[in-house]
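Coordinate inspection notes
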Amino acid sequence: MNESTTTADMASCYGIETTEEIFSPGLLIFKDLVQRNLEEMVRIAGAAERLRPHCKTHKTREIVQMQIELGITKHKCATIREAEMLAEIGVEDILLAYQMIGPNIKRLIELIERFPSPRFACLVDDPMALGPLSAAMNRAGKQIGVFMDVDPGMNRTGIDADSDAILLYEMICTSANIEIRGLHWYDGHHRQSDLQQRRAAVDAAWEPFTNLRNQILLSGFDVPAVVAAGTGSFPVLAEKGEPGLELSPGTTTYFDVGYQRTFPDLNLQPALGVLTRVISKRRAGHLTLDIGHKSVAADPPAGSRLFFPEIPDAKEVKHTEEHLVIATNRADEYQLGDTLVALPIHACPTSAAHDFANVISDGSVVDRWEIAARGR
Ligand SMILES: Cc1ncc(COP(=O)(O)O)c(C=O)c1O
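Given the structure is predicted, the values throughout are model-derived calculations rather than measurements.

1. Quick word on the pairing of strand β9 (residues 272–280)
By the bridge criterion, four bridges tie strand β1 (residues 26–30) to β9 in an arrangement that is antiparallel. Bridge pairing in β9 places Leu-27 opposite Val-274. By the bridge criterion, four bridges tie β9 to strand β14 (residues 339–344) in an arrangement that is antiparallel. By the bridge assignment for β14, Thr-276 is matched with Leu-340. The pairing of β9 with strand β10 (residues 286–289) spans two bridges and is classified as antiparallel. Bridge pairing in β10 links Val-278 to Leu-289. Connecting the antiparallel pair β9 and β10 is a turn made up of five residues, with Gly-285 showing a positive phi of about 80°.

Here you go:
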């Protein structure tokens, strides 16, 4: 946590007056903190129009609505189900940030047929994917937008920013039933805690990318938009006056304890928690909780998946599917059935592990939201 934040401050942010009605393990969305994070995202971006947030973090209709209310009209997603959720609630500009392969092309066409109004786009980084996409769209009599995915050095997806990329861009521009939308750049690998070091790394990768964009323009092709950034690069790329730049952080909506530790420069606060109960206490100094790794992100290593604002000394000593054993000097203060709020180190897979969330505002449960796009 932030150096100046006391344990009492932290615990009071996540206090809930009455927990009797909340089943555990139960997902908690702290709505006031989400609202604050969204407003801070708009402030960092400079304007709501410069944002295209990723919905994979929350997969929840009501949070997209909160974003829309702030003027955010462009949205990004990773799965067909997320794209469907965005279309269901009337989002007009949806980027499915994934290369469509095999039967997913058919699913995409079905989605376009079901929702004729939104502007859909997907990613392409390979001519071998472009050909079948264009042919299938042509057969179906449909049109799809395409952003060319460029590798920022993350080595996950994306074509290298070299002459082959210019050729692929040209192919996209001249393919049947494809509308070129621009370039995609997800540089989520910049994890430097020091902002100056992170800025240097983001900028060093960005230079060849802008050269590529300029060469494409010189070749006579249009680059209508550039979709870029994850949480770490967001404040750095937000400073750029690049025309058509759309910033696409995702985790910023909930933030989480992992990113809070990694990116201390961001004035965001974890807004997702899980309510857990003490279900056994047979060993001195230990509590067994009903928050197994089926209800919280298990991608951080065992032993460092959760933070308990009320008992920050808690150490995770054993984590199984439905149980977590913690050691704490304050174990004696807790009885069977007592509740604790746990903050996940990684928010996105935590929310995806639950069907519903209890919505907390001003310390009370005010609503229950479905994690609508958690299925595939
Ligand atoms: C393509 C893409 N864009 C944007 C994001 C959002 O990044 P972050 O979660 O760091 O905000 C992700 C995250 O996985 C992503 O894969």
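Resuming the write-up.
2. Observations regarding the pairing of strand β13 (residues 324–327)
Here β13 shows a clear split, with Leu-324 and Ile-326 buried on one side and none of Val-325 and Ala-327 buried on the other. Pairing of β10 with β13, which is carried by four bridges, proceeds in the antiparallel orientation. Directly across from His-286, in β13, lies its bridge partner Ala-327. Pairing between strand β12 (residues 315–319) and β13: four bridges, direction antiparallel.

3. Focus on the domain arrangement of the protein
Each assigned domain of the protein is listed with its residue range as follows: domain 1 (7–28 + 266–370) and domain 2 (92–248). Averaged C-alpha coordinates put domain 1 and domain 2 at centres separated by 38 Å.

4. A few points about the sheet that holds strand β5 (residues 144–149)
Strand order across the open sheet formed by seven strands is β2-β3-β4-β5-β6-β7-β8, with parallel pairing between neighbours. Only two strands of the sheet have a single partner each, and these edge strands are β2 (74–77) and β8 (245–247). Shown here is a sheet whose adjacent strand axes are inclined to one another by a mean of 30°, direction ignored. By the bridge criterion, four bridges tie strand β6 (residues 178–185) to strand β7 (residues 225–228) in an arrangement that is parallel. In the strand pairing of β7, His-184 is matched with Val-227.

5. Brief notes about helix α8 (residues 195–218)
In a regular helix each residue adds 1.5 Å, so 24 residues correspond to 34 Å; α8 covers 34 Å between its end C-alpha atoms and thus fits that length. The largest bend along α8 measures about 25° and falls at Trp-206, with the proline Pro-208 one to four residues further on. Taken together, the buried positions of α8 are Arg-198, Val-202, Phe-209, Leu-212, Arg-213 and Ile-216. On its buried face, α8 is in contact with α7 (163–174), β6, β7 and α9 (234–237). With its phi angle positive at about 95°, Gly-220 sits one or two positions after the end of α8.

6. Brief notes about the environment of Arg-81
Mapped onto the fold, Arg-81 is located in helix α4 (residues 80–88). Sequence-wise, Arg-81 and Ala-373 are 292 residues apart; in three dimensions their C-alpha atoms are separated by 5.5 Å. When residues no more than four places from it in sequence are discounted, the contact partners of Arg-81 are Ala-373, Gly-375 and Arg-376.

7. Let's talk about unusual backbone geometry
Here the bond from Ser-24 into Pro-25 is cis, since omega is 0°, no more than 30 degrees from zero. Notably, Lys-59 is not glycine yet its phi reads approximately 50°, a positive angle. Checked against the element boundaries, Lys-59 lands in the loop between α2 (31–45) and α3 (61–69). Assessed through the 24 C-beta atoms surrounding it within 10 Å, Lys-59 is described here as buried. For Asn-155, which is not glycine, the phi dihedral falls at a positive 60°. On the secondary structure map, Asn-155 appears in the loop between β5 and α7.

8. Topic: the packing of α2 against α3
Remark: α2 packs on α3, axes separated minimally by 10 Å, with the N-to-C direction vectors making an angle of 45°. Here α2 lies oblique to α3, going by the angle between them. The hand of the α2/α3 crossing is right-handed. Counted together, Val-34, Gln-35 and Leu-38 of α2 and Ile-63, Met-66 and Gln-67 of α3 form the full contact between these two elements.

9. A look at the site of the ligand
Around the ligand, a shell composed of His-54, Ala-97, Tyr-186, Gly-188, Gly-230, Thr-231, Ser-248, Pro-249, Gly-250, Thr-251 and Thr-252 is seen. Of the residues assigned to the shell around the ligand, the class counts are three nonpolar, eight polar and no charged.

Here is what the cut-offs are and how they apply
Residues numbered from 1 in each chain as written. Predicted model: local features only at pLDDT ≥ 70, side-chain atom pairs only at ≥ 80, totals over all residues. Pairing = 2+ DSSP bridges. Helix = DSSP H or I, 4+ residues; strand = E, 2+ residues; numbered from the N terminus. Buried ≥ 20, exposed ≤ 12 C-beta atoms within 10 Å, placed from the backbone. Domains from an automatic or database assignment. Axes fitted to C-alpha atoms, helices over the stretch in contact; angles between N-to-C directions. Expected span 1.5 Å × (residues − 1). Bend = angle between axes of the 7 residues up to and from the residue. Contact = placed C-beta atoms within 7 Å. Parallel < 35°, antiparallel > 145°, perpendicular 65-115°, else oblique. Left-handed = near helix turned anticlockwise from the far one by under 90°. Near = placed C-beta within 6 Å. Nonpolar A, V, L, I, M, F, W, Y, C, P; charged D, E, K, R; others polar.

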